[in-house]
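What follows is each chain in one-letter form.
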Amino acid sequence: MSAVAAPIALPQRRLVSILSPDRFDLLGADGSVLPAGSTDYAAFVDHLTGTVFGRTLAERLDQADAAEACDKLELLGFTDWRVPTRAELAPLIADGASEPATYAAIAPDTDDEWSYWTSSPVPGVEDYYFVVHFDGGDVYSSHRDNHRWVRPVRSLALPSGQ
């Protein structure tokens, strides 16, 4: 069994508005903050939701495999990655943007042709989960056996005292 690397010190969460130009920080593999528009990022911080998103995983997966892949992921020294909830992923939809309908400067690897899994089941509909499609910014449902993209997420703690 390989040793888990010590977690990298991430930027402290800032309180921002949805339209704030400093809502996101791109992070390098060493946890350093990269300039906006960098394409070689490892993850990005959404200070509005207090989450850190990894790059889109390398292949489309069904719901169970998506959860397992996130559970096994080690990124930036952290191992608590998971499939995002609908409430965490949907705020990445950018009003007024399309193809992709996301903040392109922070997620240039977003595939607008396919949807992304959330961990949020559709109430009252067995085996269906919400997915976010960044082509037009839609949120809809998909059967758990379908293959979708996954953007892993973890929570970013607020600085102490807030």
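Values in this document were obtained by computation on a predicted structure and should not be read as measured data. (Residues numbered from 1 in each chain as written. Predicted model: local features only at pLDDT ≥ 70, side-chain atom pairs only at ≥ 80, totals over all residues. Heavy atoms only, no water.)

> Tell me about the pattern of salt bridges, and name the residues and values.
Applying the stated criterion across every chain, the model contains six salt bridges. For Arg144, the salt bridge is made with Asp127, and the minimal N-O distance between the two is 2.9 Å. Of this pair, Arg144 sits in the loop between β7 (138–143) and β8 (153–155) while Asp127 sits in the loop between β5 (115–121) and β6 (128–133), and the two are 17 residues apart along the sequence. The partly exposed category is assigned to Asp127, whose relative accessible area is 28%. The partner of Arg144 in a salt bridge is Asp145, with the nearest N and O atoms 3.6 Å apart. Arg144 gets classed as partly exposed once you look at its relative accessible area, which sits at 35%. A single salt-bridge network, built from bridges that share partners, covers Asp127, Arg144 and Asp145. (Salt bridge = Lys/Arg side-chain N within 4 Å of Asp/Glu carboxyl O. Helix = DSSP H or I, 4+ residues; strand = E, 2+ residues; numbered from the N terminus. Buried < 20%, exposed > 50% of the residue type's maximum accessible area, 1.4 Å probe, protein only.)

> Got a sec to walk through the packing of aromatic side chains? Specific residues and values, please.
The way to describe two aromatic rings as a pair is by their centre distance and the angle between their planes. Taken as a whole and judged by the stated rule, the model has four aromatic pairs. Look at Phe24 and Phe44: their rings are 6.1 Å apart centre to centre, the planes differ by 75°, and that puts the pair in the edge-to-face class. Linking Phe24 in strand β1 (residues 24–27) with Phe44 in strand β3 (residues 43–46), this pair joins segments that are 20 residues apart in sequence. For Phe24, a relative accessible area of 14% gives the class buried. Here Phe44 falls in the buried class, since its relative accessible area comes to 0%. Every member of this aromatic cluster is reached through a ring pair, and the members are Phe24, Tyr41, Phe44 and Phe53. Residue placement shows Arg55 over the ring face of Tyr41; its charged tip is 4.5 Å from the ring centre. (Phe/Tyr/Trp six-rings, centres within 6.5 Å; stacked < 30°, edge-to-face > 60°. Lys NZ or Arg CZ within 6 Å of the ring centre and 35° of its normal.)

> Talk me through the nonpolar core; I want residue IDs and the actual numbers.
Proteins that are soluble and globular tend to have nonpolar side chains buried together. One finds Phe44, Phe53, Leu89, Leu92, Tyr116, Val132 and Phe134 to be the most contacted residues of the largest nonpolar core, which totals 13 residues. Leu27, Ala43, Val52 and Phe78 belong to the second largest nonpolar core, which has 10 residues in total. (Core = buried A, V, L, I, M, F, W, Y, C linked by side-chain atoms within 4.5 Å.)

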